[in-house]
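Observations on the model geometry
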Amino acid sequence: MGSGVRLLVLGKQGAGKGTQAVRIAGHYGVPHISTGDMFRAAVAAGTPFGVKANEYMKRGELVPDDVVIGVVAERLAKDDAVNDGFVLDGFPRTKVQAEELQRLLGPGGLDAAVDIDVPTDTVIDRISGRRVCKTCGATYHVSAPPKVDSVCDKDGGEVVQREDDTPEAVRKRLELYEKDTRPLLDLYEELGLLVTVDGVGDPDEVFNRVIQSLPR
Ligand SMILES: [Zn+2]
């Protein structure tokens with residue numbers, strides 16, 4: 001392992017985790033490794049675990065933990081991650097995955113697990129207020145709607161609320177997240193790696209809090 005930072009970023013859907021992960025990676029000059037991108041790249045490159053993962057995904061099945069960790073291990077073995085470090089985004093999702101990651105990295109292999117903490121009601125408000133253009137996917141919010149009601153500024157497409165963005169659907173997803181993630185946060189707490197950052201406020205403020213919270 002090299003001398004750069006090795007972090008992972010956690011947070012509920014709507015907490016701004018992805019945005020912060022990208023910025024943190026840019027700040028430290030390390031690769032931002034999101035689960036989605038990592039899987040797409042592994043499948044496209046036909047890596048051994050990418051091929052395995054693709055078999056499950058093609059059948060619409062959940063990729064099992066050992067294959068997921070295999071894809072992660074392949075990615076973290078690349079030169080940029082070995083030499084510079086990384087910011088993991090979207091992995092691990094469960095305690096089992098977190099334990100596997102600890103085994104993979106070894107003691108001292110992770111500098112911190114950053115939890116972007118936003119209260120559930122705030123997140124529900126953010127997501128359930130979201131409106132999306134059916135044509136181009138542009139997103140709006142009830143607090144920042146298109147100029148003409150329900151009509152996309154960019155292409156005139158219909159702007160709607162997605163079915164899975166209703167408050168009930170969001171609450172259900174957040175409950176699942178909480179159930180899976182709580183044990184993971186407890187684990188990082190025990191390991192002394194958990195850094196909880198208040199995720200309420202504009203992205204610049206939150207980013208400054210993250211950087212100030214991280215061990216030097
Ligand atoms: Zn549009």
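What counts and what doesn't
- Residues numbered from 1 in each chain as written.
- Predicted model: local features only at pLDDT ≥ 70, side-chain atom pairs only at ≥ 80, totals over all residues.
- Heavy atoms only, no water.
- Buried < 20%, exposed > 50% of the residue type's maximum accessible area, 1.4 Å probe, protein only.
- Helix = DSSP H or I, 4+ residues; strand = E, 2+ residues; numbered from the N terminus.
- Pairing = 2+ DSSP bridges.
- Core = buried A, V, L, I, M, F, W, Y, C linked by side-chain atoms within 4.5 Å.
- Contact = heavy atoms within 4.5 Å.
- Donors = N, O, S within 2.8 Å, 3.2 Å for Na, K, Ca; no water.
- Salt bridge = Lys/Arg side-chain N within 4 Å of Asp/Glu carboxyl O.
- Polar contact = N/O pair within 3.5 Å; in protein donor to acceptor, adjacent residues only side chain to side chain.
- Arc of directions from axis to C-beta.
- Axes fitted to C-alpha atoms, helices over the stretch in contact; angles between N-to-C directions.

**Concerning the pairing of strand β4 (residues 112-117)**
When you tally the buried positions in β4, you get five out of six residues, the bulk of the element. The sheet contact formed by strand β1 (residues 6-11) and β4 spans five bridges and is parallel. Considered in β4, the bridge of L8 is made with A113. As judged from the five bridges shared by β4 and strand β8 (residues 194-198), these two strands associate in the parallel manner. Looking at β8, one finds that A113 is bridged to L194.

**What to know about the nonpolar core**
With 29 residues, the main nonpolar core has L8, L76, F86, L101 and Y188 as its most contacted residues. For this core, the secondary structure elements donating two or more residues are β1, α2 (35-45), α4 (65-76), β3 (86-89), α6 (95-105) and α8 (167-190). The element contributing the most residues to this core is α4, with six residues. Beyond its immediate chain neighbours, meaning those up to four positions away, Y188 contacts L8, L10, P92, A98, L101, Q102, L110, A113, L193 and L194.

**A few points about the coordination of the zinc ion**
Each protein donor to the zinc ion is listed here as C133 (SG), C136 (SG), C152 (SG) and D155 (OD); together their distances run 2.2 to 2.3 Å. All donors of the zinc ion belong to a single chain; written as a sequence motif, their spacing is C-x2-C-x15-C-x2-D. Here C136 is found in the loop between β5 (130-133) and β6 (139-141), whereas its partner D155 is found in the loop between β6 and β7 (159-160), with 19 residues between them in sequence. Owing to a relative accessible area of 41%, C136 belongs among the partly exposed residues under this scheme. A residue is classified by how much of its surface remains accessible, and D155, at 37% relative accessible area, is partly exposed.

**A word on the pattern of salt bridges**
In the structure shown here, the tally under the stated rule is 17 salt bridges. Of the charged contacts, one joins D204 and R23 as a salt bridge, the two residues approaching to 2.8 Å between their closest N and O atoms. Here the residue D204 occupies a position in helix α9 (residues 203-213), and R23 occupies one in helix α1 (residues 17-28), the gap between them amounting to 181 residues. Among the residues examined, D204 registers a relative accessible area of 44% and is labelled partly exposed. In this structure R23 comes out as partly exposed when scored by relative accessible area, which is 29%. One salt bridge connects R209 with D198, and the closest N-O pair in it is separated by 3.8 Å. With R209 in helix α9 and D198 in strand β8, the pair connects residues that are eleven residues apart, well separated along the chain. In the salt-bridge network here, residues are joined through shared partners; they are R130, R162, D164, D165 and R173.

**Examining the side chain of S128**
Relative to the helices and strands, S128 resides in helix α7 (residues 120-128). A relative accessible area of 14% means that S128 is categorised as buried. Polar side-chain contacts of S128 include one of 2.6 Å to the backbone oxygen of I124. Beyond its immediate sequence surroundings of up to four residues, S128 is in contact with Q161, D165, T166 and P167.

**Regarding α7**
Residues V123, I124, I127 and S128 constitute the buried set of α7. End-on view of α7: buried residues confined to an arc of 115°, all on one side of the axis. Summarising the geometry of α7, the exposed residues directed more than 90 degrees from the buried face are D121 and D125.

**A few points about the sheet that holds β3**
Taken together, the five strands give an open sheet; going across it, the order is β2-β3-β1-β4-β8, and neighbouring strands pair in parallel fashion. Whereas interior strands pair on both sides, the edge strands pair on one side only; in this sheet they are β2 (32-34) and β8. In this sheet, adjacent strand axes meet at a mean angle of 25° when their direction is disregarded. Contacts between α2 and the sheet are confined to β2 and β3, with β2 contributing the most and set at about 80° to the helix.

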